Amino acid sequence: MSTLKNLSPLLFIILLLSCGEKGNSESTESTNILENLTFSVDTVVVDAGEDFFVIPYGLGRIGFSQNKKRLWFFENDPLHLVQVDLNELKLISKTEFQKEGPNGIGPYMDGFQMGPNEELVIQSYVSYSKFNKAGELTESLKVIPEGIDSELATNYQKLYQRAFYDFEKNQIYTQPYREGNADKQLFVIDPQSKKASSYPIPEMRSVGDFSRTHVEESDGNGMIYFFAPFDYIEKEKEQLLISAAPMSGFYRMDPKTDSLEFVAIQHKTVPNDWNFSLMEAYSDASAFEEDERKVNEKITWQSNGMILGSSI
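Residues numbered from 1 in each chain as written. Predicted model: local features only at pLDDT ≥ 70, side-chain atom pairs only at ≥ 80, totals over all residues. Heavy atoms only, no water.

A. Structural detail: the overall build of the protein. Looking only at helices and strands, the protein has six helices and 18 strands in total. Within the span of the protein, comprising 312 residues, buried residues form 36% of the whole. Expressed as a percentage of contacts within the protein between residues at least 6 apart in sequence, the contacts between residues at least 24 apart total 43%. (Helix = DSSP H or I, 4+ residues; strand = E, 2+ residues; numbered from the N terminus. Buried < 20%, exposed > 50% of the residue type's maximum accessible area, 1.4 Å probe, protein only. Contact = heavy atoms within 4.5 Å.)

B. Geometry of the side chain of Thr174. Residue placement: Thr174 occurs in strand S10 (residues 171–174). Here Thr174 falls in the buried class, since its relative accessible area comes to 0%. Looking at Thr174, its side chain comes within polar contact range of the main-chain oxygen of Leu159, at 2.6 Å. (Polar contact = N/O pair within 3.5 Å; in protein donor to acceptor, adjacent residues only side chain to side chain.)

C. How the structure looks around a nonpolar patch on the surface. A surface patch of nonpolar side chains, amounting to about 350 Å² of accessible area, comprises Ile55, Leu59, Ile62, Phe64 and Leu86. Examined against the element boundaries, Leu59 turns out to sit in the loop between helix H2 (25–31) and strand S1 (62–64). (Patch = residues over 30% accessible without salt bridge, like charges linked within 9 Å, V, L, I, M, F, W, Y side chains within 5 Å. Areas by Shrake-Rupley, 256 points an atom, 1.4 Å probe, with all protein chains shown as cover. Salt bridge = Lys/Arg side-chain N within 4 Å of Asp/Glu carboxyl O.)

D. Structural detail: the sheet that holds S10. The strand order S9-S10-S11-S12 describes an open sheet built from four strands, whose pairing is antiparallel. Two strands close off the open sheet at either side, each with one partner strand: strand S9 (164–166) and strand S12 (195–200). Within this sheet the neighbouring strands show an average axis-to-axis angle of 25 degrees, counted without direction. Two elements, S10 and strand S11 (residues 185–190), share three bridges in a ladder whose sense is antiparallel. Residue pairing for S11: Tyr173 is matched across the bridge by Val188. (Pairing = 2+ DSSP bridges. Axes fitted to C-alpha atoms, helices over the stretch in contact; angles between N-to-C directions.)

E. Inspection of the environment of Phe53 at higher detail. With respect to the helices and strands, the residue Phe53 is situated in the loop between H2 and S1. It is 8.6 Å that separates the C-alpha atoms of Phe53 and Val82, two residues lying 29 residues apart in sequence. Setting aside anything within four residues of it in sequence, one finds Phe53 in contact with Val46, Ala48, Phe73, Glu75, Val82, Val84, Leu91 and Lys94.

F. Quick peek at the nonpolar core. Tyr128, Ile148, Tyr160, Tyr165, Ile172 and Ile189 are the most contacted members of the largest nonpolar core, which totals 17 residues. When contributions to this core are tallied by element, the ones reaching two or more residues are helix H3 (150–153), helix H4 (156–159) and S11. Setting aside anything within four residues of it in sequence, one finds Ile172 in contact with Tyr128, Leu141, Tyr160, Ala163, Phe164, Tyr165, Phe187, Val188, Ile189 and Pro191. Counting 15 residues, the second largest nonpolar core, distinct from the first, contains Tyr173, Leu186, Tyr199 and Tyr251. (Core = buried A, V, L, I, M, F, W, Y, C linked by side-chain atoms within 4.5 Å.)

G. Molecular detail of unusual backbone geometry. Along the chain, Asp77 connects to Pro78 via a cis peptide bond; the corresponding omega equals -5 degrees. Its place among the elements puts Pro78 in the loop between strand S2 (70–75) and strand S3 (80–85). The phi dihedral of Arg162 falls on the positive side, at around 55 degrees, and the residue is not glycine. With a relative accessible area of 34%, Arg162 lands in the partly exposed category. The phi torsion at Asn170 lies on the positive side, around 55 degrees, for a residue other than glycine. Within the secondary structure layout, Asn170 lies in the loop between S9 and S10.

H. Expanded view of the packing of aromatic side chains. Scanning all chains against the criterion turns up 16 aromatic pairs. For the pair Tyr165 and Phe167, a centre-to-centre distance of 4.9 Å together with 85 degrees between the ring planes defines the contact as edge-to-face. Note on Tyr165: relative accessible area 1%, which makes it buried. With a centroid separation of 5.0 Å and an interplanar angle of 55 degrees, the aromatic rings of Phe227 and Phe288 are classed as tilted. Note that Phe227 is positioned in strand S14 (residues 221–227) and Phe288 in helix H6 (residues 285–303), a separation of 61 residues in sequence. In this pair, the class of Phe227 matches that of Phe288, namely buried. (Phe/Tyr/Trp six-rings, centres within 6.5 Å; stacked < 30°, edge-to-face > 60°.)

I. Geometry of the sheet that holds S3. Strand order in this open sheet of four strands is S1-S2-S3-S4, and the pairing throughout is antiparallel. Single-partner strands in this sheet number two, and they are S1 and strand S4 (90–96). Ignoring which end each strand starts from, the neighbouring axes of this sheet average 25 degrees apart. Pairing of S1 with S2, which is carried by three bridges, proceeds in the antiparallel orientation.

Next up, the structure:
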């Protein structure tokens, strides 16, 4: 159902672009950038055997085996790692993971990565650790690194926010949100030596440009509101790719040489950057919510595939 919901705006745009007046057919053919776009929606049934899948909110974060033949995801309550055979479309196994104790991941799992040897790196609000597929903690990656600002080094939530773990190099890559006018940086952390190095990524300041925090006071109590656009770290074909929702370009790092470059992408049909501004401070929650709506609309536009027609 969620897949169909996400595709509906794209279907509307295809319909809109293909339904022009006959007299304008020549013009339509030259401007219809989605003319040759094709897609399909597949619904499959997976055999759970004598068990069943507990996915009231969807699959959430997922992982794949190296050969893409097996799917992994977590059920939340109770916490189980589920393994599905994508060729046979059947449940292979469910393995219980602990939230507390020596093998505990913490009260809430934020995400996980699947390694080449079916190792897992699991991140929660309080921990960042490696596990084997039997649910046993094999290495804690939550370290206070040397070589960076001590206030940031001891702030787990900020430093490890959306961190990415490289299984081959045993390194952590993270680009924490920095408030104010602080320059955006990529941090590379070695969990064994507990040392960190940093690389300037100034173009990623666009994330801070569209991020805001507002504190609402009422009867002596404070409520903190926050929003920020997405930023990403992924590894594709041995290259680390660093990008952000408000811009079209991206950074590319070669982990073998630690060389970093910015790759600019020039779109022809949509703006290359978000071209609107936000208030610097807010007197009430309604003004804050209006700016939050602007950012969320942009994110929704992108995630629904509206910029698929961009030529680069």
